Amino acid sequence: MKIAIVTINQPSLNSACRLFPYLHEHQVDVYGKKDLTHNIEELKLYKKLDDILVPAWKEYDAIICILAMGAVVRKIAPLLEDKATDPAVIVINLALDKIVPLLSGHLGGANELANEITSLLPNCVNFISTATDQTNTLAFEMLAKKNGWEIENLKALAKISNRLLNKQVVKVATYPAIFESIPNKDNLELVDFDNLDLNTVVISPLIDSSSLTLRPKIYLGIGCNRDTSVEEIEESVKLFLEKHNLAIQDIKNIASFEAKADEVGLLEFAKKYGFDIQFYKKDTINALENTFSKSASTKFFGLKGVAEPSAVLGSKYGELILKKEVYFGAVTLAGGV
């Protein structure tokens, strides 16, 4: 993380000097007043807190304040924008034995950073006020963050979290493999995508909803005729994504059959978009127990398929969510999660 440590006087700067070495795995800047004693190689000087907090709000992932909590609250209040974008703000005392993640505990990473600092400093106590952390209750925003899922309709999160804290059922519309991967499924109920309401959490890259929605990346399985051009593959993927209201950024990775490992057009496509393409052997594909759409590859290679099995094998959860589609009679595409 890119971290700013803010001090206001000699005692707090002394504390920053002691804290600084513990954060060597992060990119850290220390701010202080001039004419004070320190051992920081490049102390960033300031005159007023307002002069540094405004730019720091955009520049840093986290701001650690070694000053009075009331002063911190007053100074950051005008800067608050959105829990999805505000930086983590942490307050720590002069003795470095009490730490409070004050803002952006989950999405901003304040709780995680405070836990890290607590584990490093001797006798440090971490005061986390987030209810889901204190009660070991599932936090959907942390589930999304951990898995790299985008979050939509974040304002619906508070109601969902309160339902879980109050031991009320929360419906989750997703795929069975993703649902099974969720830790701590107390009071969660798996439902179909046609059974949505405002108390439902949707986990899918395909469903548009006004409910809290978490969007995993998709994994693309690709089959193509011999010597298919990169332009034809690119246009096919574009049409496939547009049909399903997806963008190229929604693709995590691509996969295919090992016989396609020397296809110049496919390799050029992967390189252009930064995909680390995976190729799977015949035995690996045919070992899958899934039922796939009929494929010409069965006749030519003795395979269960190319696009659909590759999408399953290359995906994180092994779920086929978009069956194969053929473009220009040359490119076959399918999607998994």
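That block above? That's the structure.
Residues numbered from 1 in each chain as written. Predicted model: local features only at pLDDT ≥ 70, side-chain atom pairs only at ≥ 80, totals over all residues. Heavy atoms only, no water.

Enquirer: Is there a simple way to think about empty space enclosed by the protein in this case?
Expert: A probe matching the size of a water molecule, rolled over the atoms, marks out where space remains unfilled. With the rule as written, the count across this model stands at two cavities of 30 Å³ or more. By volume, the largest cavity amounts to about 50 Å³. Taken together, Glu150, Pro205, Arg215, Pro216, Lys217, Leu246 and Asp250 make up the full set of residues lining the largest cavity. Class assignment for the residues of the lining of the largest cavity results in three nonpolar, no polar and four charged. Reported here for the second largest cavity is a volume of approximately 40 Å³. Sorting the residues of the lining of the second largest cavity by element identifies α2 (49–59) and α3 (69–76) as the ones contributing at least two each. Here the lining of the second largest cavity takes four residues from α3, the largest share from any one element. Residues belonging to the lining of the second largest cavity are distributed by class as follows: eight nonpolar, no polar and one charged. (1 Å grid on protein atoms, 1.4 Å probe; cavity = no way out; pocket = protein on both sides within 12 Å on 5 of 7 lines; lining within 4 Å. Points joined across faces, edges and corners; volume = space filled by probe spheres on them. Nonpolar A, V, L, I, M, F, W, Y, C, P; charged D, E, K, R; others polar. Helix = DSSP H or I, 4+ residues; strand = E, 2+ residues; numbered from the N terminus.)

Enquirer: Can you help me understand the environment of Glu319 in this one?
Expert: One can find Glu319 in the loop between α13 (307–314) and β16 (320–327). Taking the C-alpha atoms as reference points, Glu319 and Tyr273, 46 residues apart in sequence, are found 23 Å from one another. Setting aside residues no more than four positions away along its own chain, Glu319 makes contact with Tyr175, Pro176, Ala177, Gly335, Gly336 and Val337. (Contact = heavy atoms within 4.5 Å.)

Enquirer: Mind showing me how you'd approach the sheet that holds strand β12 (residues 212–215) here?
Expert: In a beta sheet, neighbouring strands are held together by backbone hydrogen bonds and run either parallel or antiparallel to one another. Strand order in the open sheet formed by five strands is β8-β12-β11-β9-β10, with mixed pairing between adjacent strands. Two strands close off the open sheet at either side, each with one partner strand: β8 (150–152) and β10 (188–191). The average angle at which neighbouring strand axes cross in this sheet is 25 degrees, direction not considered. Where strand β11 (residues 200–203) lies against β12, three bridges are found, and the strand directions are parallel. Residue pairing across strands places Val202 opposite Thr213, the latter belonging to β12. Across the sheet, helix α7 (residues 157–165) is in contact with β9 (170–173), β10, β11 and β12; its angle to β9 comes to roughly 125 degrees. (Pairing = 2+ DSSP bridges. Axes fitted to C-alpha atoms, helices over the stretch in contact; angles between N-to-C directions.)

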